Each structure stands twice: as structure tokens, then as C-alpha cells.
There are 2 protein chains.
Amino acid sequence: MNGKQMIENDVSTEEKIKIAARKLFQEKGFDGTKTRDIAKESGINIALLNYYFRSKQKLFEIIAAEAVKDLFFNLLTILENEDSTIDHKLSQFVEHHVDLLKSNPNLIHFVLSSSHENNPTVESLLNDFKIKAIQSSFASQYIQYAKENKLSESPVHYLLNIVSLTVFPLMIKRLFEGGFDIDPKIYDELLEERKILIPKWIKGMSEA
Amino acid sequence: MNGKQMIENDVSTEEKIKIAARKLFQEKGFDGTKTRDIAKESGINIALLNYYFRSKQKLFEIIAAEAVKDLFFNLLTILENEDSTIDHKLSQFVEHHVDLLKSNPNLIHFVLSSSHENNPTVESLLNDFKIKAIQSSFASQYIQYAKENKLSESPVHYLLNIVSLTVFPLMIKRLFEGGFDIDPKIYDELLEERKILIPKWIKGMSEA
DNA sequence: GTCTATATAATGATAGAC
DNA sequence: GTCTATCATTATATAGAC
């Protein structure tokens, strides 16, 4: 058995390429990222990229698929937890996304941009997720919750509000900090505060 | 005077190019848009594009600058109106942006993407706007308002919430409709409802 | 598996005729 | 002002040696 190429405690070439590709695609998008840049960033050459992934397009699709999963997989887990109340799911949703997007600020932008550019791979992955979410136990749990709490507006508003309040501030983090010499910690603290504030606000909104 | 090239009731070549460029840049970004595509879309050829705008880059900068202005110019007018209360400005803000982004759904995405990709032109335009907003009469008016209403949280949260609730649902309009056969009118009606609901919600949040 | 060299295609921009 | 033809560069992908 001398085929063992991936040494323990090290990173395989394939993974090196993926790491570089992920970084560049998420920063500059598909068209803005050149295979040469990926090769340089990962310390290999273009031939190897094609050896492992056959084409830039195929490599992109792998990266995009993983990004969608990163963004949505844990979300489904949260939504489908049968032992959790709607209120608890709300708290978890906010906490999870603030943490996730603080550590990977480009993730949402990448997924939104890719779907915006009518990327079929991303579109179909997003669609799969939407179907799963609608079919999940969360849907019926939420309907029950809305009845009990006599939520007057459409449930779509309720969900839109939660996502908007949580995700949008993470999307404009750079915009907020750019230009001035604002310490990134200030905005990070603000985001931490929102983990607690958003559930509180959502309550207040329903009662308004 | 035979130099009159722009015929009444018609569109100049320069404008034709800009219209095509605006559409494509906003859909596909700088790197995704090819000069040949712009030429084809506007019914002219690449040579003319360079004749009028010297380069793809310069054309992009013009389009990007106009997009930032479209997004922010009216906003400053709303904020700086001395005869308007904070509450009224809030209503105007929501109404204005729902209308603006319904008619031009790509505008925000384009501006956010461009700033995301560290486009210096867009960055500097956004920065100019931020300075103007901070220096505007709105800033002091808001501080006064916050005191009177004893708003407990940071004013940044207050502003973030308004923008998040207003803008984010417009950013994911396509995402929401895509995949299923959802009538776009449904989401449009939802957005219309938000013109009235968001100011109400914001009140409720402050009191939570 | 990894590299260098190269084929093939596309892209931005210009020259020069009309 | 507008066009066709063309150049120079860059990009993706592959061939073939090691």
C-alpha cells in the first residue's frame, strides 16, 4: 500500500486547491476569480487544478454547493428539533447565524450573489432547501404557535423580520466599518448584543 | 450647425450604451459583463463603446457612480428635511425604498457587491455619503429624539433595524419567488404592507 | 501526482476606412 | 460618428515529460 498520499497532520493537494478556491470565489465571484489566482494562492499550478477538478466550472460548483450547505444545514437541524419551542428556535437561529457569519462574513454574500446570477447549481440547491424547510416539522409547529399567540400578520412577515434583523447587519459589516477608522470590535459587540435583543424585539413587534 | 446628432424623441448612442451597460453590470457585475455583450445589447459595436467611454473600466465607474446616487440621493433629501419629524422620516424612508427597489431590484445588490469587491470608486462614493449623513441635521435631530423617547439601546441598533427590515426583504425577492411558481404579486403585496407595518413594529420594539 | 510548455479561445482595445 | 478588421493580452484547458 504505497498509494497513501495524504499524510496525517497535513493538507492534501486537493484540499489546498479547495481552500484557495473557496477564499477567492467567495471574495471575487466566479468571473472575478482566475484559475491562475487559485493556483498561485494554493501553491500549485493550473494543470493540477484541472487534474483534480476537471474545470473551473466544476470546482466552482463544488465550492458553491458546500457554501449552501454551510449556510443551511445547521438551520434545518435547528428548525426540526422536536424538543424545542418556537421561541427557543428563534434564539438559536439568531445565535447560530451571528456566530456563523462573523467567522465567515462572505458566506451570505456569496450565496446570494451566486443565486442572483442565475447559477443553476446554486438555484437548485437553494430550492431543495426550501422544500425541506416547508416540509419540516417546523412548519406545522409554527402554524400552531401563530394560532396560540394570535399573531395578526402573515407568518411570512414574522419569518422575514427575524431573518432581516439577523442577517442584514452581517451583510453590511464591511460597509459600516469601511472609510472611517472604526474598530471592528465595536460592530462585533453590537452583533453580540443582537443575539439577545432580536428575540426581545420580535416579541415587542408582535404586540405592537 | 449640422452637428446636431441627438434627435428629439430618440436616444443618443451614448445613452444607448449606458442603458445596456447599466442592465448588464447590475445583473452580472464588472467581471461577468463583457464589452461585446454591452455592444450587442445596445446595438452598436465595441469600437463605439471605447470611442465614448474610453474603456470598460471608465464606463463601469460612471454606471456605479449613478447607482450609488440613485440609492442615496433621495435618502439624504429625506433625512435633511428640517420640517419633518423622525417618525415621519421613518415612514418616508420605508416607502421610498420599497418603491425604489421594487422598480429596480438589482440596485442594492449591485452597490453592495461593488463595495464588497473593494471597488475604489464605489467605496469612495459610499464614504462621501456616510460623511454627509453624519454631518446632516438628521444626526442631531435623532439624538434629541432618542433622549425624549428614552430609547435604551444604541442608536445604531435603531437605524440598523429600520434598514434591515426595509431592505433585506427586497434583496431576497428573487430567492423567495424562485423555484416555486409563486405569483410575484404576492410578495409585492407583502412589501406594500411593510410600508405601514415597519414603522409600527419599530415603535413596538422600542417599548419591548 | 506534479510539472513545463503549448494549444485554443476570449476579451479589451485600437487602426484606419468611410 | 460609426463601422470592420485586427492586434495584444489574458484565460482556460490539455499534452506530454518526469
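Residues numbered from 1 in each chain as written. Chains lettered and ligands numbered in written order. Predicted model: local features only at pLDDT ≥ 70, side-chain atom pairs only at ≥ 80, totals over all residues. Heavy atoms only, no water.

Observations regarding the protein's contact with DNA strand D
Close to DNA strand D lie 18 residues, the nearest being A:Thr35, A:Arg36, B:Thr13, B:Asn45 and B:Tyr52. A share of 59% of the atoms of DNA strand D within 4 Å of the protein falls on sugar and phosphate groups. In this structure, A:Thr35 approaches DNA strand D through a side-chain N or O atom, which is 2.6 Å from a phosphate oxygen. A distance of 3.2 Å separates a base nitrogen of DNA strand D from a polar atom in the side chain of A:Arg36. Secondary structure elements with two or more residues in the surface near DNA strand D: helix 2 (35-42) and helix 3 (46-53) of chain A together with helix 3 (46-53) of chain B. Among the elements that take part in the surface near DNA strand D, helix 3 of chain B stands out by supplying 4 residues, more than any other. For the surface near DNA strand D, the residue count by class is 7 nonpolar, 7 polar and 4 charged. (Near = heavy atom within 4 Å. Polar contact = N/O pair within 3.5 Å; in protein donor to acceptor, adjacent residues only side chain to side chain. Helix = DSSP H or I, 4+ residues; strand = E, 2+ residues; numbered from the N terminus. Nonpolar A, V, L, I, M, F, W, Y, C, P; charged D, E, K, R; others polar.)

What about the protein's contact with DNA strand C?
Taken together, the neighbourhood of DNA strand C is formed by 17 residues, with A:Thr13, A:Asn45, A:Tyr52, B:Thr35 and B:Lys56 sitting nearest. With respect to DNA strand C, the side chain of A:Thr13 contributes an N or O atom lying 2.8 Å from a phosphate oxygen. A distance of 2.7 Å is found between a phosphate oxygen of DNA strand C and a side-chain nitrogen or oxygen belonging to B:Lys56. Going through the elements one at a time, helix 3 of chain A together with helix 2 (35-42) and helix 3 of chain B are the ones with two or more residues in the surface near DNA strand C.

Brief notes about the relation of the copies chain A and chain B
Turning chain A through 180° and shifting it by 0.0 Å along the axis lays it on chain B, with an RMSD of 0.1 Å. The superposition of one copy onto the other is thereby described by a two-fold rotation axis. (Least-squares fit on C-alpha atoms with pLDDT ≥ 70 in both.)

Observations regarding the packing of aromatic side chains
One pass over the full model with this rule turns up 24 aromatic pairs over all chains. Ring geometry for A:Phe25 versus A:Phe30: centroids 6.1 Å apart, planes at 10°, classification stacked. For the ring pair B:Phe25 and B:Phe60, a centre distance of 5.0 Å and an interplane angle of 85° mean the geometry is edge-to-face. Of this pair, B:Phe25 sits in helix 1 (residues 13-32) while B:Phe60 sits in helix 4 (residues 56-80); the two residues are 35 residues apart in sequence, bridging distant segments of the chain. (Phe/Tyr/Trp six-rings, centres within 6.5 Å; stacked < 30°, edge-to-face > 60°.)

Here we look at the interface of chain A and chain B
With 49 residues of chain A at the contact, the number on the chain B side is 49 residues. Summing the contributions of chain A and of chain B, the shared interface buries around 4300 Å²; its carbon and sulfur component is 66%. The largest contributions to the chain A side of the interface with chain B come from A:His116, A:His157 and A:Phe168, which together make up 15% of the buried area. One can count 2 salt bridges joining chain A with chain B. Two residues, A:Glu153 and B:Lys200, come together in a salt bridge whose shortest N-O distance is 3.3 Å. Those elements that place two or more of their residues in the side of chain A that touches chain B are helix 1 (13-32), helix 6 (107-116), helix 7 (120-135), helix 9 (155-171), helix 10 (173-177) and helix 11 (184-207) of chain A. (Contact = heavy atoms within 4.5 Å. Buried area = accessible area lost by both parts, 1.4 Å probe. Salt bridge = Lys/Arg side-chain N within 4 Å of Asp/Glu carboxyl O.)

Here's the deal with the nonpolar core
Judged by nonpolar contacts, the single largest core of 119 residues is most densely connected at A:Ile38, A:Leu59, B:Ile38, B:Leu59 and B:Tyr158. The element best represented in this core is helix 4 of chain B, accounting for 12 residues. Ignoring anything within four residues of it in the chain, the contact list for B:Leu59 reads B:Ile17, B:Lys18, B:Ala21, B:Phe25, B:Ile38, B:Leu49 and B:Phe53. (Core = buried A, V, L, I, M, F, W, Y, C linked by side-chain atoms within 4.5 Å. Buried < 20%, exposed > 50% of the residue type's maximum accessible area, 1.4 Å probe, protein only.)

Looking at the side chain of A:Ser42
All names here are of chain A. Inspection of the secondary structure assignment puts Ser42 in helix 2. Residue Ser42 is classed as buried on the basis of its relative accessible area, which comes to 10%. Beyond its immediate chain neighbours, meaning those up to four positions away, Ser42 contacts Lys16, Ile17 and Ala20.

Section: the domain arrangement of chain A
Residue and element names in this part refer to chain A. Considered domain by domain, chain A is made up of domain 1 (1-54) and domain 2 (64-207). On the domain 2 side, the residues contacting the 5 residues of domain 1 number 6 residues. Taking both sides of the interface into account, the surface hidden between domain 1 and domain 2 amounts to around 490 Å²; carbon and sulfur atoms contribute 41%. Note that Glu66 and Lys18 form a salt bridge whose closest N and O atoms lie 2.6 Å from each other. Viewed at the interface, domain 2 and domain 1 are joined by 2 residue pairs in polar contact (both at pLDDT 80 or more). Residue composition of the side of domain 1 that touches domain 2, by class: 1 nonpolar, 1 polar and 3 charged. (Domains from an automatic or database assignment.)

Comments concerning helix 6 (residues 107-116) of chain B
Buried residues dominate helix 6 of chain B, accounting for 10 of its 10 residues. B:Asn118 occupies a position one or two residues after helix 6 of chain B and carries a positive phi of about 55°.

So, the environment of B:Arg22
Residues and elements named next belong to chain B. If you trace the backbone, Arg22 turns up in helix 1. Residue classification places Arg22 among the partly exposed residues on the basis of a relative accessible area of 23%. Once the C-alpha coordinates of Arg22 and Phe110 are considered, the two residues, 88 residues apart in sequence, prove to be 10 Å apart. If near-sequence neighbours (up to four positions away) are discounted, Arg22 is found in contact with Glu15, Ile63 and Glu66.

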